[in-house]
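As a plain string of letters, each chain reads:
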Amino acid sequence: QVQLVESGGGLVQAGGSLRLSCAASGSIFSKNTMGWYRQAPGKQRDLVATISTGATTNFVDSVKGRFTISRDNAKNTVYLQMNSLKPEDTAVYYCNAVGSRYGSTWPLASWGQGTQVTVSS
């Protein structure tokens, strides 16, 4: 059974930085693209960054140039480095393996507990 454990969230002032980590158990990590999602209060959960098994990365426009995603295959861990944080980045952040086909994406595993990121203005 796959387990995803996110950590590293916290309260930070606008302009600050945080580094999130996600440890994945099971074989899902090594075989799949991994992604970070976020869900703000009252909003849907959105995919914001992905990294393929070959380390190709993609980001939504709102975080491009501010966030980087990386993975350590030896540790089954994916990271999200978040710089120049804005209040609108406030959300619960989740990681998951990401399936994709014909431009659509979907999470492959059950969700972990997520990690709260709060950016104050």
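Here, every reference points to the structure presented above.
Quick summary incoming for the structure in this document. (Residues numbered from 1 in each chain as written. Predicted model: local features only at pLDDT ≥ 70, side-chain atom pairs only at ≥ 80, totals over all residues. Heavy atoms only, no water.)

Quick look at the overall build of the protein now. Across its full length, the protein holds one helix and eleven strands. Along the protein, helices (α) and strands (β) appear in the sequence β-β-β-α-β-β-β-β-β-β-β-β when read from the amino end. Relative to the globule expectation of 14 Å for 121 residues, the C-alpha radius of gyration of the protein, 13 Å, shows essentially globular dimensions. Relative to its full complement of 121 residues, the protein shows a buried share of 41%. Residue pairs in contact within the protein that sit at least 24 positions apart in sequence constitute 55% of those at least 6 positions apart. Here the protein holds 11 positive side-chain charges and 6 negative ones, and the gap between their average locations is 5 Å. (Helix = DSSP H or I, 4+ residues; strand = E, 2+ residues; numbered from the N terminus. Rg over C-alpha atoms; globule rule 2.2 N^0.38 Å. Buried < 20%, exposed > 50% of the residue type's maximum accessible area, 1.4 Å probe, protein only. Contact = heavy atoms within 4.5 Å. Lys, Arg positive; Asp, Glu negative; His and termini not counted. Charge placed at Lys NZ, Arg CZ, Asp CG, Glu CD.)

Right, let's talk about the packing of aromatic side chains for a bit. Centre-to-centre distance and the angle between the planes together describe a pair of aromatic rings. Summed over all chains, the structure comprises two aromatic pairs. Judged by centre distance (4.9 Å) and plane angle (90°), the rings of Tyr37 and Trp111 are edge-to-face. Of this pair, Tyr37 sits in strand β4 (residues 33-39) while Trp111 sits in the loop between β10 (104-107) and β11 (115-120), and the two are 74 residues apart along the sequence. Using a relative accessible area of 5% as the deciding quantity, one classes Tyr37 as buried. Arranged with centres 5.6 Å apart and planes meeting at 70°, the rings of Tyr94 and Trp111 form a pair that is edge-to-face. Of this pair, Tyr94 sits in strand β9 (residues 91-101) while Trp111 sits in the loop between β10 and β11; the two residues are 17 residues apart in sequence, bridging distant segments of the chain. The class for Trp111 is partly exposed, based on a relative accessible area of 34%. (Phe/Tyr/Trp six-rings, centres within 6.5 Å; stacked < 30°, edge-to-face > 60°.)

Next up on the list: the side chain of Thr115. Note that Thr115 resides in strand β11. Polar side-chain contacts of Thr115 include one of 2.9 Å to the backbone nitrogen of Gly9. Ignoring any residue separated from it by four or fewer positions in sequence, one finds Thr115 in contact with Glu6, Ser7, Gly8, Gly9, Leu20, Ala91, Val92 and Tyr93. (Polar contact = N/O pair within 3.5 Å; in protein donor to acceptor, adjacent residues only side chain to side chain.)

Attention now goes to the sheet that holds strand β7 (residues 67-72). The antiparallel open sheet is built from four strands, whose spatial order is β1-β3-β8-β7. Of all the strands in the sheet, just β1 (4-7) and β7 have a single pairing partner and so form its edges. Neighbour-to-neighbour, the strand axes of the sheet open up by a mean angle of 15°, direction not taken into account. Two strands pair when backbone bridges link them, and strand β3 (residues 18-24) and strand β8 (residues 77-82) are joined in this way by six bridges, in the antiparallel orientation. Bridge pairing in β8 links Ala23 to Thr77. (Pairing = 2+ DSSP bridges. Axes fitted to C-alpha atoms, helices over the stretch in contact; angles between N-to-C directions.)

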